[in-house]
Amino acid sequence: MRSIIISLLVSVTVIMSGIFVNASPVSKKKVKCLAGMCWRDLDMKKIEEQGCPAPMIIINNILREMNGYLAADKFLDLKPDQKKELRMLRHRCHRKIIKGKSLLNLLSINLLDDMATNEFSVSEVDDLISQLRKACSQLVFGVIQDAIDARMILTPEQRKKARDFVEPIR
Amino acid sequence: MKRITIVTALSLLIAWSICAVKAMAQEEVNDVCFKAECWKEEGLTRLATTGCPTPTLFIKTALRELKSYVKAADDLGLNAMQKAKVQKIYDQANMLVIKAQGQLQSITKLLAQEMVKDVPNKNRIKGFVDEIEDVCWNTISALAKDIHEARSLIKK
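Source: prediction; values computed, not measured. (Residues numbered from 1 in each chain as written. Chains lettered and ligands numbered in written order. Predicted model: local features only at pLDDT ≥ 70, side-chain atom pairs only at ≥ 80, totals over all residues. Heavy atoms only, no water.)

On to the overall build of chain B. Looking only at helices and strands, chain B features five helices and zero strands. Here chain B holds 156 residues, and 40% of them are scored as buried. For chain B, contacts bridging at least 24 residues in sequence account for 71% of all contacts bridging at least 6. Approximately 9,100 Å² of chain B is accessible, and the part contributed by carbon and sulfur atoms is 60%. (Helix = DSSP H or I, 4+ residues; strand = E, 2+ residues; numbered from the N terminus. Buried < 20%, exposed > 50% of the residue type's maximum accessible area, 1.4 Å probe, protein only. Contact = heavy atoms within 4.5 Å. Areas by Shrake-Rupley, 256 points an atom, 1.4 Å probe, with all protein chains shown as cover.)

Below, the structure written as structure tokens:
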């Protein structure tokens, strides 16, 4: 009985100290992509396994960065105008992702359906592949542009503050 | 008490081994597919589970189909010349994918390096994105042609 109480007390102490040690102005999980920092540890293993960087690997990084600025608004001391611009940009980016992904999904289904016929037409398949290439390129570059634009809404001082904050927690 | 623990651990180990062997056998059965059957419902099934069919899906399925012809060459009644051709197509496809992986890794690293900068250069980024998409979709296009060629060999 005594040992149970002691281990319970030890666990509670460890958990509590963990909570207090981690206490910071913003959730570290939410802000670890600020100012492009999550590009530092892009999962190259995934690319190695999958052969092509799926658009979602890039899109996820972009969204994490854009969400990070708004999550850290107080810490970065964002002005109301900056927050408004960031929200508008994120909304535009979400629309782009939904539109781009829908197009990619439809084109992918068409391509796979073509391949699922025993005698598919090479020229038809090639045409779909070039449409996919274009759609993929537009989506990926489009969202990256939004992330860069979002970064530029911040002042150089705010960007530095974000970097300095994220650096030690990486 | 000690004996009970050992017996329980052993039983768990045996049960786990049986499950693992069964899973491997199942994987082996599912490993071979021919022509259209490799691709049927792949798109919608993947969409329902992952939300976005990636280029990987195409590459993996293409290699699986080509490998199936090599593995089942005797069962398909291929002659020596057809066997050699199918093997060559499969080897070339594999080489192509490996080469593309290397290229994609290095371009993606450059893209990531640019994105880490305080102010990334949009033109450079555009160039990297275009290069990535070119390598990726050119590989897919070449694989589609390989499959077309392999299927036409099987028909003969």
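Scanning chain A from N- to C-terminus turns up eight helices and zero strands. The secondary structure elements of chain A, listed N-terminal to C-terminal, are α-α-α-α-α-α-α-α. Across chain A, the fraction of contacts at a sequence separation of at least 24, relative to all contacts at a separation of at least 6, is 75%. Summing over all exposed atoms, chain A offers an accessible surface of approximately 9,400 Å²; the carbon and sulfur share of this is 59%.

A few words on a nonpolar patch on the surface. On the surface, a cluster of nonpolar side chains totalling about 290 Å² of accessible area is made up of B:Ile6, B:Leu10 and B:Ile14. For B:Ile6, the position within the fold is in helix H1 (residues 2–30). (Patch = residues over 30% accessible without salt bridge, like charges linked within 9 Å, V, L, I, M, F, W, Y side chains within 5 Å. Salt bridge = Lys/Arg side-chain N within 4 Å of Asp/Glu carboxyl O.)

Turning to helix H8 (residues 156–166) of chain A, a few remarks are in order. Residue and element names in this part refer to chain A. Considered for burial, the residues of H8 that qualify are Gln-158, Arg-159, Ala-162, Arg-163, Phe-165 and Val-166. Down the axis of H8, the buried set is contained in an arc of 165 degrees. They therefore lie on one face. Facing away from the buried surface of H8 by more than 90 degrees, the exposed residues are Pro-156, Glu-157 and Lys-160. (Arc of directions from axis to C-beta.)

This part is about the side chain of B:Glu133. Among the structural elements, B:Glu133 can be located in helix H5 (residues 122–155). For B:Glu133, which is buried and forms no salt bridge, the nearest opposite charge comes from A:Arg133, at a distance of 6.6 Å. If sequence neighbours within four positions are ignored, B:Glu133 has contacts with A:Arg133, A:Cys136, A:Ser137, A:Val140 and B:Asn138. (Lys, Arg positive; Asp, Glu negative; His and termini not counted.)

Among the nonpolar cores identified, the biggest contains 73 residues, and A:Ile62, A:Ile144 and B:Phe58 are the most heavily contacted of them. Of all the secondary-structure elements, those providing two or more residues to this core are helix H4 (55–71), helix H5 (73–76), helix H6 (80–115), helix H7 (122–153) and H8 of chain A together with helix H3 (55–71), helix H4 (80–116) and H5 of chain B. A total of 15 residues in this core trace back to one element, the largest contributor, which is H7(A). Excluding its chain neighbours within four sequence positions, the residues that come into contact with A:Ile144 are A:Ile58, A:Ile62, B:Leu111, B:Met115, B:Ile125 and B:Val129. (Core = buried A, V, L, I, M, F, W, Y, C linked by side-chain atoms within 4.5 Å.)

Our next topic: the packing of aromatic side chains. Residues and elements named next belong to chain A. If you walk through the whole model with that rule in mind, you get one aromatic pair over all chains. Centre to centre, the rings of Phe-75 and Phe-165 are 4.5 Å apart; their planes meet at 45 degrees, and the pair counts as tilted. With Phe-75 in helix H5 and Phe-165 in helix H8, the pair connects residues that are 90 residues apart, well separated along the chain. Both residues of the pair, Phe-75 and Phe-165, belong to the buried class. Sitting above the plane of the Phe-75 ring, Lys-161 keeps its charged end 4.8 Å from the centroid. (Phe/Tyr/Trp six-rings, centres within 6.5 Å; stacked < 30°, edge-to-face > 60°. Lys NZ or Arg CZ within 6 Å of the ring centre and 35° of its normal.)

Moving on: the packing of H7(A) against H4(B). Two elements in contact, H7(A) and H4(B), have axes separated by 11 Å at closest approach and are oriented at 20 degrees. It follows that H7(A) is roughly parallel to H4(B) by the angle criterion. Contacts from A:Ile144, A:Ile148 and A:Arg151 in H7(A) reach B:Leu111, B:Met115 and B:Val116 in H4(B). Among the residues making up the contact of H7(A) with H4(B), the classes are represented as five nonpolar, no polar and one charged. (Axes fitted to C-alpha atoms, helices over the stretch in contact; angles between N-to-C directions. Parallel < 35°, antiparallel > 145°, perpendicular 65-115°, else oblique. Nonpolar A, V, L, I, M, F, W, Y, C, P; charged D, E, K, R; others polar.)

Within the secondary structure layout, A:Asp146 lies in helix H7. Those residues in contact with A:Asp146 that sit more than four places away from it in its chain are A:Met66, A:Leu89, A:Arg92, A:Cys93 and A:Lys96.

It is worth spelling out the environment of B:Val97 at this point. Residue and element names in this part refer to chain B. Along the chain, Val-97 turns up in helix H4. Counting along the chain gives 27 residues from Val-97 to Val-70, while the straight-line C-alpha distance between them is 17 Å. Not counting the four nearest positions on each side in its chain, Val-97 is found in contact with Ile-59, Leu-63, Thr-139 and Leu-143.

Residues and elements named next belong to chain B. Per-residue confidence for chain B gives a mean pLDDT of 81, with 74% of residues at or over 70. Mean pLDDT per element in chain B: helix H2 (residues 42–50) is the minimum at 54, and H5 is the maximum at 92. For this predicted complex, the interface confidence score (ipTM) comes to 0.75, while the overall pTM stands at 0.74. (pLDDT = per-residue confidence, 0-100.)

All names here are of chain A. Overall, the predicted model of chain A reaches an average pLDDT of 80, with 69% of residues at or above 70. The secondary structure element of chain A with the lowest average pLDDT is helix H3 (residues 44–50), at 58, and the one with the highest is H7, at 93. In this model, residues 18–23 is a region of pLDDT below 50 whose contacts with residues beyond four sequence positions or in other chains number one contact.

Let us look at unusual backbone geometry. Phi is mostly negative for residues that are not glycine, and the peptide bonds are mostly trans. Residue and element names in this part refer to chain A. Positive phi, close to 60 degrees, is recorded for Asp-77, a residue that is not glycine. Relative to the elements of secondary structure, Asp-77 occurs in the loop between H5 and H6. Using a relative accessible area of 47% as the deciding quantity, one classes Asp-77 as partly exposed.

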